[in-house]
Each structure stands twice: as C-alpha cells, then as structure tokens.
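Each chain, written out:
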Amino acid sequence: MKIAKLAILCTSLGLCSTAFAYTGHTKCGDTGTGLYVGGQLGYGGADYGSGIKNAFNVYPVHSNDEDDLAGRVYLGYQLTTIFGLEAGYSLFSDNTYKGQSANGLITSKSRLETQAIDLLVTVGTPLTYEGFGAALKGGAAYVMSDYSHSGNGSDAGFRPADGSNDRFAPAAGASIFYKLPYNTAVDISYLHIFAPANVAAPETDLVTLGLSYRFV
C-alpha cells in the first residue's frame, strides 16, 4: 500500500495508540488506572488487492482511490500502570474503482465501504520525562466490507453485484502519547489489521492523531 512505508516509519519511531495510564497532572495517590475514552483522525487505507478485477469482471482497472481520510473512536480500561484493554471502531473512506471494457470504454464502477471493530490488549512502560508515554497493543478485529458494482452492461462479462463480507483478523499497533492537564492526553497512533488483501477481507492501515480522556 502507498502508506506502508509511512506506517513502518511510524512504528519504528514508537508511535502508538491512546494515552492509557497517566496524565500530565495527576492527583496525589493516582495510580493511572481506570476507564478512558478517545478519538483519532488521520490517514488510512483498505487494500482489497488486485483481485478486484476478477471479482467484478472489470477488465483493466482504469482508476482507483485506496488511501484517504479515516478515523477511530475507542473505549478502554487501564487495569494496571502497564496493562489495559481497549475496544475501538474504525471507519475508512470508501474505495472506488472504475473499470473499462476490452474496447476501452468505461463500463463499470465499484465501491467498497470498510469498517472495523477491534479488541486489543495494551502493554506499555510509563515514561515520565516531559510527560511522554508509550505502548504496544495487539488483538483481533472484525472487518466489515460492503460492496456495490454497477455499470452500463456493454461488456459481455459484466456482472452487477451488491453485498457484504465480514471477517475476523489479527490486529496490532503501537503509539506514543503526551500527557496533558485534566486527565487528557494527545497521541500519535498506528494500527494494522492483518488480512489477505482481497475483495472479501481488506488489509488495513491507520495512522492518526488523537485525543483521550481518562476518568478518575
């Protein structure tokens, strides 16, 4: 995918999800555990692979739009200063493809909508210098893909389609965050869903900037 190199770079720099344990100004005796919520917005992609042509009988893919704006909201619980659980919902921009027939005419349009629900375990080492912290996370995601395919039918192989595919897949990510006053924090995060990158199960990447709040 076009953002794969960016994602790898972000991971190597320790970019990760959610301010999970501490804030910049903690109360006396605050252990950093408890419930937290947050939202993230950034750049994401859902890779359906080159098999899209065969799946919809599209001849050469004329154009496609794979990577664009994406976001995630999440709810978590920090069990200890190191370990936590987090559930999130991600929404990606639609993938759109235009196909052409053997004679070069644009005959079809395919649109795929991608969403994912994830359940993750977070593991982190609190970093107190200048309010920074870091975490890794891993677990599973339920990927939901809705698709529609339409066109003028001028191609003998044209096949309209409309349906959905849902699939479980492993998920992993990493993040770095900065603790702010009033139990809030900002984070730069990366999340990857390991799917086979086909029309039934897209492989996704998500790089975001987020804001979280921890209840105390």
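Our structure is the block above this text.
Residues numbered from 1 in each chain as written. Predicted model: local features only at pLDDT ≥ 70, side-chain atom pairs only at ≥ 80, totals over all residues. Heavy atoms only, no water.

**A word on the nonpolar core**
Line of reasoning, step 1. In this structure, Ala 171, Leu 191, Ile 193 and Leu 206 are the most contacted members of the largest nonpolar core, which totals 13 residues.
Line of reasoning, step 2. Every residue in contact with Ile 193, bar those within four places of it in the chain, is listed here: Ala 116, Ala 141, Val 143, Ala 169, Pro 170, Ala 171, Glu 203 and Thr 204. (Core = buried A, V, L, I, M, F, W, Y, C linked by side-chain atoms within 4.5 Å. Buried < 20%, exposed > 50% of the residue type's maximum accessible area, 1.4 Å probe, protein only. Contact = heavy atoms within 4.5 Å.)

**Re the environment of Glu 86**
Line of reasoning, step 1. Here Glu 86 lies in strand S4 (residues 83-92).
Line of reasoning, step 2. Given a relative accessible area of 0%, Glu 86 falls into the buried group.
Line of reasoning, step 3. Sequence-wise, Glu 86 and Leu 120 are 34 residues apart; in three dimensions their C-alpha atoms are separated by 5.1 Å.
Line of reasoning, step 4. Within polar-contact distance, the side chain of Glu 86 engages the side chain of Tyr 36 at 2.8 Å.
Line of reasoning, step 5. A distance of 2.7 Å separates the side chain of Glu 86 from the side chain of Arg 72, its partner in a polar contact. (Helix = DSSP H or I, 4+ residues; strand = E, 2+ residues; numbered from the N terminus. Polar contact = N/O pair within 3.5 Å; in protein donor to acceptor, adjacent residues only side chain to side chain.)

**Describing the pattern of salt bridges**
Line of reasoning, step 1. Per the counting criterion, the structure on display carries 4 salt bridges.
Line of reasoning, step 2. The residue Arg 72 makes a salt bridge to Glu 86 at a minimum N-O spacing of 2.7 Å. Placement of Arg 72 in strand S3 (residues 67-78) and of Glu 86 in strand S4 is noted, with a sequence separation of 14 residues between them. Both residues of the pair, Arg 72 and Glu 86, belong to the buried class.
Line of reasoning, step 3. One network of salt bridges, with partners in common, ties together Arg 72, Glu 86, Asp 118 and Lys 137. (Salt bridge = Lys/Arg side-chain N within 4 Å of Asp/Glu carboxyl O.)

**Comments concerning the pairing of strand S9 (residues 184-193)**
Line of reasoning, step 1. The buried fraction of S9 amounts to 8 of the 10 residues, a majority that puts the element mostly inside the structure.
Line of reasoning, step 2. With 10 bridges joining them, S9 and strand S10 (residues 203-214) adopt antiparallel strand pairing. In the sheet register, Val 186 faces S10, and the bridge partner there is Leu 211. (Pairing = 2+ DSSP bridges.)

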